[in-house]
Amino acid sequence: AQKVTQAQTEISVVEKEDVTLDCVYETRDTTYYLFWYKQPPSGELVFLIRRNSFDEQNEISGRYSWNFQKSTSSFNFTITASQVVDSAVYFCALSEAGYSSASKIIFGSGTRLSIRP
Amino acid sequence: DTGVSQDPRHKITKRGQNVTFRCDPISEHNRLYWYRQTLGQGPEFLTYFQNEAQLEKSRLLSDRFSAERPKGSFSTLEIQRTEQGDSAMYLCASSPTTDAREQYFGPGTRLTVT
């Protein structure tokens, strides 16, 4: 069975601090996708990144970076020099890949990030 | 070009009433998904359609829930005899492929059962 665990329920940091959101996943599939989504107070899910299980390269996008390690089944997300606008709930998610699958997305329970000015 | 739209955005209903939500996917997207998100949790898969065919239903989808996608375009999710435990955000997503890499989420319908 597929499962995503986000052990950090809430994190609060002061603006400009770096913060890392942890994500650990379980799957028996050899091919899968990993995702991060942001959910601001408005409630809409904002897609941040998708990684294919074959691609373990870390990725950086501005102040955001992602560390994918298959050996530890982790896909951690770091925000550098955090800003108040980063305050939101962040979800890590997993989906089987493959055109014959349902491709439903399995979400973690989320980490609520609060950035204090 | 519009994204996935959902209607209504908010619904307040009394326990025991029936409610229906609508989702309009992005044009020509073959796949359509319904998810439910309760307070403090991540979204959970409910069901999905490939065109007009409903191919999988989660055990979360009790017999009070029914979803349709006539003609493979918009979809409706109906909840009969609502219960307070049905209070949640109902999210719809559509995809142009059978692969999960492109799932586009709508803004959701927030249901409150009083």
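This text gives an overview of the structure that appears in the document. These numbers were taken from a predicted model, which means no experiment stands behind them.

1. Let's talk about the pairing of strand β7 (residues 65-68) of chain B
All names here are of chain B.
Item 1. Here β7 shows one buried face, formed by Phe-65 and Ala-67, and one open face, formed by Ser-66 and Glu-68.
Item 2. Looking at chain direction, β7 and strand β8 (residues 75-79) are connected through four bridges and run antiparallel. Residue pairing for β8: Ser-66 is matched across the bridge by Glu-78.
Item 3. Between β7 and the antiparallel strand that follows it, β8, lie six residues; Lys-71 among them carries a positive phi value of about 60°.

2. Structural notes on the interface of chain B and chain A
Item 1. Listed by partner, the interface residues are 21 residues for chain B and 22 residues for chain A.
Item 2. Interface of chain B and chain A: buried area, both sides summed, is about 1,800 Å²; carbon and sulfur atoms make up 51% of it.
Item 3. Three residues, Ala-100, Arg-101 and Phe-105 of chain B, lead the burial of chain B against chain A; their summed loss comes to 28% of the area buried on that side.
Item 4. One can count one salt bridge joining chain B with chain A.
Item 5. Where chain B meets chain A, there are three residue pairs in polar contact (both at pLDDT 80 or more).
Item 6. Secondary structure elements with two or more residues in the side of chain B that touches chain A: β4 (31-37), β5 (44-50) and β9 (88-95) of chain B.
Item 7. With four residues, the single largest contributor to the side of chain B that touches chain A is β4 of chain B.

How each quantity is defined
Residues numbered from 1 in each chain as written. Chains lettered and ligands numbered in written order. Predicted model: local features only at pLDDT ≥ 70, side-chain atom pairs only at ≥ 80, totals over all residues. Heavy atoms only, no water. Buried < 20%, exposed > 50% of the residue type's maximum accessible area, 1.4 Å probe, protein only. Helix = DSSP H or I, 4+ residues; strand = E, 2+ residues; numbered from the N terminus. Pairing = 2+ DSSP bridges. Contact = heavy atoms within 4.5 Å. Buried area = accessible area lost by both parts, 1.4 Å probe. Salt bridge = Lys/Arg side-chain N within 4 Å of Asp/Glu carboxyl O. Polar contact = N/O pair within 3.5 Å; in protein donor to acceptor, adjacent residues only side chain to side chain.

Functional significance is not addressed by these values, which are geometric in nature.
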